[in-house]
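Listed below are the residues making up each chain.
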Amino acid sequence: MYRLRSALFGTAGRRVAALLIANAVFHGAALIIQRYIDTQASSPGLSFVLLASWMTLGVVAALVSVIALGNLLFHPRWSDGFLRDEMADLDARISGEKVPETTDEDDLVALRSGDSTIRFGLYFLAIAAANILGSNALGGGFMQRYSHPGVAIVHMRSDDPVLRRAGMTMLASRLDFTVTPAIEAVVLRALDDPDEGVAARAAFVVGALSVEAAVGRLEQMIEDQPALAFTALIALGQVEGEAAREAGRRVARLPQAQAEPRALALMLGMLRVPAVDRLRTIYTESEDEDTRVAALWALGEMREQQLLDLMAGALASPSLALRCAGVLGLEKLVDFDTSEPLKRAFDAARDPLERCPEKTVPVQEGGPTIVIVPHRNYQLAIIRALATTDDPTLITWLPEKQEGVESRTHELMKKLWESLKAKDERGELNPLKRKVRLRRLQAEAPDAGPPPGDGGAGGDAGPSDGGGD
């Protein structure tokens, strides 16, 4: 042991060389290990061993650093004590050789050495921590990246399908990370996995992370793997970008996609692909409530005024979920002409505590919840939609309907009434008030044709008459 200490730290030059070499080896190995785990490692066990090796090298580099800097950190003669050959001293005492007498300076060094033992430990721990944390920072947060999604990515590179499925499950358990090229490559490869469970989870991750590079592969999956078409359609709907919209237009024509009408409707709605005829067909021909809700929601996402009659018709449905989806669609139109059907729906609501059932996009476990119909009071939903119309008749209608409603609905009605009154005082409702009067005259004289300047439903209200009602 003495020979090793002497070889490494026997002179000032050796101490400097040991310091530089130990830290260079540590940081160089750290770079290689981190890069290998990030881009190539396919064995979870090996990646753990490499991680432990990296941290061990950091500890060793810290130990060498403290010893090499001992004369600076503790006292000028600290290295002499460290390099002393204890066994040679012991042999000399046993053999009766004369031991040099100690001086006052030797006694002072001995006292300092006792104090330096504690300081040695503290410096060692501090430098070891600094080495590992510094190397982690230089690697762009390697430890955080390794804990997730790094371990999952390593599993997904494995030749064992059981480990690949476990990796996809780990990856999907937390989706709050940045998609790097390495992650993207592994996920894309997983879409082609012969194990359908792995491929399905990969499609889910593609959607949750919006991996645009996977759009073409999802489109191919829908066409070639009908068993995965539902999952692939939902995933494609969550991918952002024009490439996904173009793929959505093409996919809507595939019989494999049409065989999954609910997923197709949700995909078209999330991508806002204006496939109105296809969505109308799904809405009118399907007998499944969730599928019809999905189609009606997707039509609402189009925000097309031509769909007003269809949305208004849904308000007469015996299904509360469909009525709620229709109200939500009318709210998104932000159109004066939605006011009358919404007011009729409010009058038809018998239970002031009736609540819309929440409807969501079906995603796999661990995915973000995408709500298409929120769980809220039905009458409250109607008032929210009415707030987008600026209908001046609501100024008198709202006070008449406030009795018996739920408290939050009553509060919103009061705020809406106050807002409309303020707009009316500023003259902002005059064009709509004129439209209301003209339509009233038309209703009283139905054979006279449309009044001049009305332009029909959704048309221009014409210029303001410049005064109050």
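Placed above this text is the structure.
The shown structure was predicted, so the numbers you read here are calculated from the model rather than taken from an experiment.

Cut-offs applied
- Residues numbered from 1 in each chain as written.
- Predicted model: local features only at pLDDT ≥ 70, side-chain atom pairs only at ≥ 80, totals over all residues.
- Heavy atoms only, no water.
- Disulfide = S-S within 2.5 Å.
- Helix = DSSP H or I, 4+ residues; strand = E, 2+ residues; numbered from the N terminus.
- Buried < 20%, exposed > 50% of the residue type's maximum accessible area, 1.4 Å probe, protein only.
- Salt bridge = Lys/Arg side-chain N within 4 Å of Asp/Glu carboxyl O.
- Core = buried A, V, L, I, M, F, W, Y, C linked by side-chain atoms within 4.5 Å.
- Contact = heavy atoms within 4.5 Å.

A. Up close: the state of the cysteines. The full count for this structure, using the stated rule, is one disulfide. Paired through a disulfide, cysteine 324 and cysteine 356 show a sulfur-sulfur distance of 2.0 Å. A torsion of -90° about the S-S bond marks the disulfide between cysteine 324 and cysteine 356 as left-handed. In this pair, cysteine 324 sits in helix α20 (residues 320-333) while cysteine 356 sits in the loop between α21 (339-348) and β1 (359-360), placing the two residues 32 residues apart along the sequence. Of the two residues, cysteine 324 and cysteine 356, both sit in the buried class.

B. Quick look at the pattern of salt bridges. Across all of its chains, the model carries 24 salt bridges by this definition. Between arginine 384 and glutamate 331 there is a salt bridge, with the nearest N and O atoms lying 3.4 Å from each other. Note that arginine 384 is positioned in helix α22 (residues 378-386) and glutamate 331 in helix α20, a separation of 53 residues in sequence. Glutamate 331 gets classed as buried once you look at its relative accessible area, which sits at 16%. Of the charged contacts, one joins lysine 423 and aspartate 390 as a salt bridge, the two residues approaching to 2.9 Å between their closest N and O atoms. Here the residue lysine 423 occupies a position in helix α24 (residues 407-425), and aspartate 390 occupies one in the loop between α22 and α23 (394-400), the gap between them amounting to 33 residues. Residue classification places aspartate 390 among the partly exposed residues on the basis of a relative accessible area of 23%.

C. The nonpolar core, seen in detail. Ranked by internal contacts, the top residues of the largest apolar core, which has 100 residues, are Leu171, Leu218, Ile222, Leu236 and Tyr378. Those residues in contact with leucine 236 that lie beyond four places of it in its chain are Val215, Leu218, Ile222, Ala244, Ala247, Gly248, Val251, Met267 and Leu271. Ranked by size, the runner-up nonpolar core spans 25 residues in total, among them Ala18, Ala30, Phe74 and Phe120.

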